[in-house]
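# Structure at a glance
Residues per chain are reported as follows:
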Amino acid sequence: MSASTATTASGSASVNALTRRARRRSAALGVAAWVVGIGFCLPALWMVLTSFHAEADAATNPPSLAAALTLDGYRTFFGGGGGPTPWPPLVNSLAASFFSTVLVLLLALPAAYALSIRRVRKWTDVMFFFLSTKMLPVVAGLLPVYLFAKNTGLLDNIWLLVLLYTSMNLPIAVWMMQSFLADVPVSIIEAAQVDGARLPTVLRRVVAPVAGPGIAATALICFIFSWNELLFARVLTGVVAGTAPVHLTTFVTSQGLFLAQLCAASVVVSLPVLVAGYAAQDKLVQGLSLGAVK
């Protein structure tokens, strides 16, 4: 009896030791995750702090955390003191990103439907072709696109950027939506077709609501890619169709780097993407995790 009791006590001690070791490991992993997360957020937080400093304080090395705060950088960005207004570039970026995202969704949804639910012949080859288009360096297509825009009179035209962003984001959108639509139950589509629904009705009233989180995630990613694009916008636009990233480059001049103004401009330009991501965060998480668990 004493031997059995000793064995039980030894087993309980071993279990308690394993439990404590697991808790310490979990706590260490939690601390490490917090450190990594803060490390990722630190540059953005530093940018926000620098945007509230004066140029003289922002240019000090090492920078001063206790420097006086001011809104001069934001006043200058929004045209205070006779500077250029940022509203036309912001509106151009919003228009190019919004309309290109809408076009991408309108084209990617039926394409993904044909590649996932009603699969065409050699659909894997089609998917590889879409993927191969992303392997071409963007700079390799810059000169042909510039010559095309010049000969057709589309230089400094916002609709050229809409078409370019649509073509650039369409492959990744088809790839994402193909995986999302693959999880749509075929039975509900067949039931709708038995009731006489045609393909546009099926896509609009059956497929789109079921795959809504995936479509939202795709739309948000395409919007971000379009909003952040700089190379084509820098080369193909000028005064009329310049976008927000192009406007940011004006703060780096031959006279020097206006760091506080640049940080203020970067904060303002980043806000639409942050707001869109926050508003659609639940759909984004659902969409990116759709199909992960069967």
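Cut-offs and rules
Residues numbered from 1 in each chain as written. Predicted model: local features only at pLDDT ≥ 70, side-chain atom pairs only at ≥ 80, totals over all residues. Heavy atoms only, no water. Helix = DSSP H or I, 4+ residues; strand = E, 2+ residues; numbered from the N terminus. Buried < 20%, exposed > 50% of the residue type's maximum accessible area, 1.4 Å probe, protein only. Contact = heavy atoms within 4.5 Å. Areas by Shrake-Rupley, 256 points an atom, 1.4 Å probe, with all protein chains shown as cover. Polar contact = N/O pair within 3.5 Å; in protein donor to acceptor, adjacent residues only side chain to side chain. 1 Å grid on protein atoms, 1.4 Å probe; cavity = no way out; pocket = protein on both sides within 12 Å on 5 of 7 lines; lining within 4 Å. Points joined across faces, edges and corners; volume = space filled by probe spheres on them. Nonpolar A, V, L, I, M, F, W, Y, C, P; charged D, E, K, R; others polar. Expected span 1.5 Å × (residues − 1). Arc of directions from axis to C-beta.

When helices and strands are tallied, the protein chain shows 14 helices and 2 strands. When the 294 residues of the protein chain are sorted by exposure, 32% land in the buried category. Looking at the protein chain alone, contacts between residues at least 24 apart form 75% of all its contacts between residues at least 6 apart. Carbon and sulfur atoms provide 70% of the accessible area of the protein chain, an area that totals close to 17500 Å².

On to the side chain of T70, then. Relative to the helices and strands, T70 resides in the loop between α2 (55-58) and α3 (72-77). Judged by its relative accessible area of 18%, T70 is buried. Among the polar contacts made by the side chain of T70, one reaches the side chain of D72 at a distance of 3.2 Å. When near neighbours in sequence (up to four residues on either side) are disregarded, T70 contacts S51, F52, H53, A54 and R75.

This part is about the layout of surface pockets. Its volume calculated, the largest pocket comes out at about 320 Å³. As for the largest pocket, its lining consists of T133, K134, L136, P137, V138, G141, V145, L164, S167, M168, P171 and F232. Ranked by residues supplied to the lining of the largest pocket, first place goes to helix α7 (residues 158-181) with 4 residues. A breakdown of the residues in the lining of the largest pocket according to their chemical character gives 8 nonpolar, 3 polar and 1 charged. The volume enclosed by the second largest pocket comes to roughly 240 Å³. Surrounding the second largest pocket, 16 residues form its lining, G238, G242, V246, H247 and T250 being those nearest its centre. Of the residues forming the lining of the second largest pocket, the biggest block, 3 residues, is contributed by helix α4 (residues 87-116).

As a further point, take helix α9 (residues 199-210). Relative to the 16 Å expected for 12 residues at 1.5 Å per residue, α9 spans 15 Å between its end C-alpha atoms, a close match to the ideal helical length. Along α9, the residues that are buried comprise V202, L203, V206 and V207. Down the axis of α9, the buried side of the element spans an arc of 130°, and every buried residue falls inside it. When the buried face of α9 is taken as reference, the exposed residues oriented beyond 90 degrees from it are P200, R204, R205 and P209. The inward-facing, buried residues of α9 contact α4, α7 and α8 (186-194).

Overall, the coordinates contain 1 cavity of 30 Å³ or more when judged by the stated rule. Approximately 30 Å³ is the volume found for the largest cavity. Surrounding the largest cavity, S93, A96, S97, Y165, S226, W227, E229, T243 and P245 form its lining. When residues of the lining of the largest cavity are traced back to their parent elements, those giving at least two are α4 and α10 (212-228). Ranked by residue count, the leading element in the lining of the largest cavity is α4, at 3 residues. Considering only residue class, the lining of the largest cavity consists of 4 nonpolar, 4 polar and 1 charged.

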